[in-house]
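Here is how the chains run, residue by residue.
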Amino acid sequence: MVARMGSRERDGGRRTQEVEGGPATPQVLVPRFRLQVLEPRPESPVHWHSSGDRCSLGSQPGNDIIIDDPTVSGYHCEVLVDAEGAHVRDTGSLNGTVVDGVRVNDAYLRDGSLIKLGEAVVRFQLGQDTIQIPLSERTSFETLVGQSVAMRQTISLLERAAATDATVLLEGETGTGKGATAESIHRASARKDGPFVVVDCGAIPENLLESELFGHERGSFTGAAARRVGAFEEAAGGTLFLDEIGELPPELQPKLLRAVETRTIRRVGQNQHVPIDVRIVAATNRDLRSDANTGRFRSDLYFRLAVIKITLPPLRQRPEDLPLLAEALLGTLRAQPHEVHALLTPAFLATLRRAAWPGNVRELRNYLERCLVFQDALPISGVTHIGELAALSQASQLADADLGYADARKRAIDAFEKSYAEALVRKHGGKVALAAQSAGIARVHLYRLLRRHGLTPGQG
């Protein structure tokens, strides 16, 4: 049993101060910290000193501290510091994370806290000095805008990612703009003149996805009447965006891993491998570390995809960006100057800041589009469908104090999603496109919800 240090790309924290002199430029300052592996006792002491705001611990490559112990999950937990202090977050480990004798999902740390990962033990120590996290001087990156600290940290990472050909993994909640971010990376890269090809791994039937990615030869299966070039070859010289990579079927994951590692693919029905020249950007709203721990997603594939990992902040973490975002979104909706002026009043912007925006930027865009249609600042309602009310009532009844917070929350959300999707599709007579438009969500997302809960449009 050994422990050693690894390295990976990291994003930043939240503490800020102003630079003296010249224009006010916020900086992100986070306390320096140190982690020491106590058990299993290594042959030589492992002292990890922070150079950013977080440290990941687990048994797989790709972690900052790699602990080779059978009781430690591949991606066990992470320690991070932000404006609230230092805390540890379990990332879906199998044997749990314990802080000073108490099992936790997310807990604050004190100087000297002992963190137990399975049978391994790590000591946390807080330093006296601080580290500055890079911030971009820009408030936009291609189609993305934001002046908040969270967004300028993200833009700083995107600038560095675009300057390389490294594989990028975009993480973030539904509606945070992962697709627009992937396209922005492509536009800002040296491959901008090449194609930008999108494959939604969650929207294509499993039996067709392999052909969609790698192509096929004529006669390789029933219905293959002609040779077909797959997305990898179609994206030659450009960027391949693999959306919802967490939905990739297990049987295709080894084939994708080989393509990412060797930059070669083999069409269905073909014996030889074909070299490919693509830049890969993948995106997910799932925690792939947790999926890797349970075996749902290959840990070696996650490691290969997360060469540069960028987490897009939800809208609730950057309310100061709402004026810029609203103006930019109205521009994409081709709003006339007088319409923009009429909408973006101080009162309207204050209303936007008070809303929760669980659907993030996508929900904000849909709301602004409705305002343009009705030529008025419509009220922002939270729960508007009878089916949604019923689902929330059912979900509240499922609250079980014997469960951990994460498990109880997941059970309630699953119940809401299933009930709401059933009611929504039933209301629109099984017409998924119409149902999705009514709900203000993408049709692909509604199909994904139906499939996740074992439903078909006819069941609605």
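The structure presented is a predicted model; accordingly, all values stated were derived computationally and were not measured. (Residues numbered from 1 in each chain as written. Predicted model: local features only at pLDDT ≥ 70, side-chain atom pairs only at ≥ 80, totals over all residues. Heavy atoms only, no water.)

**Q** Give me the lowdown on the overall build of the chain, citing residues and values where you can.
**A** Helix and strand counts for the chain come out as 15 helices and 22 strands. Counting the 460 residues in the chain, one finds 49% classified as buried. Considering only contacts within the chain whose residues lie at least 6 apart along the sequence, 61% involve residues at least 24 apart. Per element, the accessible surface of the chain, about 22,200 Å² overall, is 50% carbon and sulfur. (Helix = DSSP H or I, 4+ residues; strand = E, 2+ residues; numbered from the N terminus. Buried < 20%, exposed > 50% of the residue type's maximum accessible area, 1.4 Å probe, protein only. Contact = heavy atoms within 4.5 Å. Areas by Shrake-Rupley, 256 points an atom, 1.4 Å probe, with all protein chains shown as cover.)

**Q** I'd like to hear about the packing of aromatic side chains, residue by residue, with values.
**A** Counted by the stated rule, this structure contains seven aromatic pairs. When the ring of Phe-348 is compared with that of Tyr-367, the centres are 6.1 Å apart and the planes differ by 10°; the resulting orientation is stacked. Here Phe-348 is found in helix α10 (residues 346-354), whereas its partner Tyr-367 is found in helix α11 (residues 360-374), with 19 residues between them in sequence. Summarising the burial analysis for this pair, Phe-348 and Tyr-367 share the class buried. By the ring-pair criterion, three or more aromatic residues cluster together here, those being Phe-33, Trp-48 and Phe-124. (Phe/Tyr/Trp six-rings, centres within 6.5 Å; stacked < 30°, edge-to-face > 60°.)

**Q** Describe the nonpolar core, with residues and values.
**A** Counting residues in hydrophobic clusters, the biggest one holds 34 residues, and the most contacted among them are Phe-232, Leu-242, Ile-245 and Leu-248. Leave out the neighbours within four places in its chain, and Leu-242 touches Val-199, Cys-201, Leu-213, Leu-256, Ile-280, Val-281, Ala-282 and Ala-283. By size, the runner-up hydrophobic cluster in this structure holds 30 residues, among which are Val-30, Cys-55, Ile-65 and Val-81. (Core = buried A, V, L, I, M, F, W, Y, C linked by side-chain atoms within 4.5 Å.)

**Q** How would you summarise helix α8 (residues 322-332) if you had to cite specific residues and measurements?
**A** Listed in full, the buried residues belonging to α8 are Leu-322, Leu-325, Ala-326, Leu-329 and Leu-330. The buried residues of α8 all sit within an arc of 130° when viewed along its axis, so they share a single face. Of the surrounding elements, those touching the buried residues of α8 are β15 (144-145), α9 (337-343), α10 and α11. Of the residues trailing α8, Arg-334 is marked for its positive phi of about 60°. (Arc of directions from axis to C-beta.)

**Q** Talk me through the side chain of Arg-54; I want residue IDs and the actual numbers.
**A** The topology assignment puts Arg-54 in strand β5 (residues 54-58). Given a relative accessible area of 13%, Arg-54 falls into the buried group. Side-chain polar atoms of Arg-54 contact the side chain of Asp-53, separated by 3.3 Å. (Polar contact = N/O pair within 3.5 Å; in protein donor to acceptor, adjacent residues only side chain to side chain.)

**Q** Break down the pairing of strand β12 (residues 114-117) for me, citing the residues and quoting the values.
**A** Side chains Ile-115 and Leu-117 project from β12 onto a buried face, and the interleaved Leu-114 and Lys-116 project onto a face without burial. One ladder, built from four bridges, connects β12 with strand β13 (residues 120-133); its direction is antiparallel. Within β13, the position partnered with Lys-116 by the bridge is Val-121. (Pairing = 2+ DSSP bridges.)

**Q** Before we move on, can you summarise the pattern of salt bridges with the specific residues and values?
**A** Scanning the entire structure with this criterion turns up 26 salt bridges. Residues Asp-100 and Arg-110 are paired through a salt bridge, measuring 3.5 Å at the closest nitrogen-oxygen approach. Of this pair, Asp-100 sits in the loop between β9 (97-99) and β10 (102-104) while Arg-110 sits in the loop between β11 (106-108) and β12, and the two are 10 residues apart along the sequence. Residue classification places Asp-100 among the partly exposed residues on the basis of a relative accessible area of 36%. Measuring nitrogen to oxygen at the nearest pair gives 3.0 Å for the salt bridge that ties Asp-165 to Arg-191. You can see Asp-165 sitting in the loop between α1 (149-162) and β16 (168-171) and its partner Arg-191 sitting in the loop between α2 (178-187) and β17 (196-200), a full 26 residues away along the chain. Taking the relative accessible area as the measure of exposure, Asp-165 reaches 44% and is therefore partly exposed. Its relative accessible area of 10% is what places Arg-191 among the buried residues. (Salt bridge = Lys/Arg side-chain N within 4 Å of Asp/Glu carboxyl O.)

**Q** Give a description of the sheet that holds strand β22 (residues 308-311) that names residues and reports values.
**A** Pairing is parallel in the open sheet, where five strands are placed in the order β17-β18-β21-β16-β22. Of all strands in the sheet, those with a lone pairing partner are β17 and β22, marking the two edges. Strand-to-strand twist in this sheet, taken as the mean axis angle between neighbours without regard to direction, amounts to 20°. Across four bridges, the pairing between β16 and β22 is parallel. Looking across to β22, one finds that Leu-170 is bridged to Ile-310. (Axes fitted to C-alpha atoms, helices over the stretch in contact; angles between N-to-C directions.)

**Q** Please set out the confidence of the model for the chain residue by residue, giving values where relevant.
**A** Taken over all residues, the pLDDT of the chain has a mean of 84, while the share at 70 or more is 85%. Every residue in residues 7-23 is under pLDDT 50, and counting partners more than four places away or in other chains gives 56 contacts. Throughout residues 382-392 the model reports pLDDT below 50, and contacts reaching past four residues in sequence, or to other chains, amount to 16 contacts. (pLDDT = per-residue confidence, 0-100.)

**Q** I'd love a proper account of the environment of Leu-305, names of residues and values included.
**A** Here Leu-305 shows up in helix α7 (residues 299-305). A sequence separation of 60 residues divides Leu-305 from Ile-245, and the C-alpha atoms of the two residues are 9.7 Å apart. Those residues in contact with Leu-305 that lie beyond four places of it in its chain are Thr-167, Val-168, Leu-169, Ile-245, Val-260, Ala-282 and Phe-297.

**Q** Explain unusual backbone geometry to me, using residue names and the numbers behind them.
**A** A cis amide bond links Glu-39 with the next residue in sequence, Pro-40, at an omega value of -5°. Here Pro-40 shows up in the loop between β3 (26-39) and β4 (47-49). Positive phi values are uncommon outside glycine, yet Glu-142 reaches one of about 55°. Positive phi outside glycine occurs at Arg-334, with the angle close to 60°. As for its placement among the helices and strands, Arg-334 is situated in the loop between α8 and α9. Note on Arg-334: relative accessible area 74%, which makes it exposed.

**Q** So, the side chain of Asn-63: which residues are in play, and what are the values?
**A** Structurally, the position occupied by Asn-63 is in the loop between β5 and β6 (65-68). At 2.7 Å, the side chain of Asn-63 forms a polar contact with the backbone oxygen of Gln-60. At a separation of 2.9 Å, a polar atom in the side chain of Asn-63 contacts the main-chain carbonyl oxygen of Gly-74.

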